[in-house]
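Secondary and tertiary structure notes
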Amino acid sequence: MAKSIKTIGVLTSGGDAPGMNAAIRAVVRKSLTNGVKVKGIKKGYQGLLNEEIVDMNARSVSDTIQHGGTILGTARCTEFTTEAGQQKGADICKKHGIDGLVVIGGDGSYKGAQAMSRHGINTVGIPGTIDLDIACTDYTIGFDTAVNTAMEAIDKVRDTSSSHERCSIIEVMGRNAGYIALWCGVATGAEDILLPEKYDYNEQAIINNIISNRKRGKTHHLIINAEGIGHSTSMAKRIEAATGIETRATILGYMQRGGNPTCKDRYYASIMGAYAADILCAGHTNRVVAYKHGEFVDFDIEEALAMQKNLSDYEYDVSRMLAT
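For the structure given in this document, a descriptive report is provided here. Small disclaimer: the values here were computed from a predicted structure and weren't measured.

Time to look at the packing of helix α3 (residues 83-95) against helix α4 (residues 107-118). Where α3 contacts α4, the axes come no closer than 9 Å and their chain directions differ by 65 degrees. Of the two possible hands of crossing, α3 and α4 adopt the one that is right-handed. Contacts from Glu83, Gln86, Gly89, Ala90 and Cys93 in α3 reach Ala115, Met116 and Arg118 in α4. Its residues assigned to classes, the contact of α3 with α4 comprises 4 nonpolar, 2 polar and 2 charged.

Spelled out as structure tokens, the structure:
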């Protein structure tokens, strides 16, 4: 063992994601099973700098796996992007006896974990983001719940829009990644899916498609628009002016982050949390837990951050074919 771990700290950082509580629960209970103490750090790196640190036991995470959000809370922390803030965080960890740290979050959170490792705190990251935009892993905690939440909302909007023979633009989250939009677009039978990775901003092509479909007898047109493109409301006004067809924009927003996590998010997050605790207890540091090619694995953080993730051309082509 490279370094004997006596106390593991766990925090959630960045945007919350359904399933984070399952990961926290697994980290706590697996660490305790391994004979290691656990401390919960509230409100992410900001809470670490504020020393919002509490002891955790098996009861601390009882009745939490089914809840969305994060029981530890989360926050953005500009101070932690500085060398002084990172050194302060490491010193606070050492003050509280934390020699291993599990960070649940996205790429930005990993950079903080990487810094903590440089300052002598063994650190492991777990991918927690609804955006599915972490290159080293095929799964991120919260994505499955988010796409199911969005899909159900889109189905409901489509029902009422069909009754009024409208064109609907529904904007989903995902930051600069189009995975939520692609999955929801295919799953709801959308006529147009606008993805940051693929959209050429040719709005006239969308207008032509709406007009062509209306001439063929389609009474409703559904456009799924990714957050990375945005401007759904102004787009709706332009489309209505150009087509004469009533067009409404719906921005689903933060509802996609909430709600009870799906079975998949609970299960995968649980395995990832246990895995993170185990590799920390084995003395590893500067690692990221991932799900790749059907297996739970881990990567060096530098390697993980250097990876590139591209949306599948084939899946995008299929989405266009199905919308024809």
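Attention shifts here to the nonpolar core. Of all hydrophobic cores here, the largest spans 57 residues; its most connected members are Val102 and Ile104. Here Val102 is in contact with Ile8, Gly9, Val10, Leu11, Val27, Val124, Ile126, Ala276 and Leu280, once residues within four sequence places are set aside. Counting residues in each nonpolar core, the second largest holds 25 residues, with Ile53, Phe80, Val288 and Ala304 among its members.

Time to look at the sheet that holds strand β7 (residues 192-194). Reading across from one edge, β7-β8-β6-β9 is the order of the 4 strands in this open sheet, with parallel pairing throughout. Looking at strand neighbours, the two that pair on one side only are β7 and β9 (247-251), the edges of this open sheet. Adjacent strand axes in the sheet meet at a mean angle of 15 degrees, parallel and antiparallel pairs treated alike. Packing against the sheet, helix α7 (residues 203-215) makes contact with β6 (167-172), β7 and β8 (221-226), and its axis sits at approximately 160 degrees to β8.

All told, the structure shown has 8 aromatic pairs when counted by the stated rule. For the pair Tyr199 and Tyr201, a centre-to-centre distance of 4.6 Å together with 45 degrees between the ring planes defines the contact as tilted. Exposure remark for Tyr201: the relative accessible area of 54% places this residue in the exposed category. A connected cluster of aromatic rings, assembled from ring pairs, spans Tyr139, Tyr267, Tyr268, Tyr291 and Phe296. A cation over an aromatic ring shows up here: Lys264 above the ring of Tyr268, its NZ or CZ 5.4 Å from the ring centre.

When you line up the elements, Asp192 lands in strand β7. In terms of polar contacts, Asp192 uses its side chain to reach the side chain of Asn209, at 3.1 Å. Asp192 has contacts with Ile206, Asn209, His221, Leu222, Ile223 and Ile224, leaving out every residue within four places of it along the chain.

Given a rise of 1.5 Å per residue, 12 residues ought to cover 16 Å, and the 17 Å separating the end C-alpha atoms of α4 matches this to within 8%. Inspection of α4 places Ser109, Tyr110, Gly112, Ala113, Gln114, Ala115, Met116 and Ser117 among the buried residues, and these make up the whole buried set. Looking one or two residues past α4, Gly120 carries a phi angle of roughly 95 degrees, positive in sign.

Thresholds applied
Residues numbered from 1 in each chain as written. Predicted model: local features only at pLDDT ≥ 70, side-chain atom pairs only at ≥ 80, totals over all residues. Heavy atoms only, no water. Axes fitted to C-alpha atoms, helices over the stretch in contact; angles between N-to-C directions. Helix = DSSP H or I, 4+ residues; strand = E, 2+ residues; numbered from the N terminus. Left-handed = near helix turned anticlockwise from the far one by under 90°. Contact = heavy atoms within 4.5 Å. Nonpolar A, V, L, I, M, F, W, Y, C, P; charged D, E, K, R; others polar. Core = buried A, V, L, I, M, F, W, Y, C linked by side-chain atoms within 4.5 Å. Buried < 20%, exposed > 50% of the residue type's maximum accessible area, 1.4 Å probe, protein only. Pairing = 2+ DSSP bridges. Phe/Tyr/Trp six-rings, centres within 6.5 Å; stacked < 30°, edge-to-face > 60°. Lys NZ or Arg CZ within 6 Å of the ring centre and 35° of its normal. Polar contact = N/O pair within 3.5 Å; in protein donor to acceptor, adjacent residues only side chain to side chain. Expected span 1.5 Å × (residues − 1).

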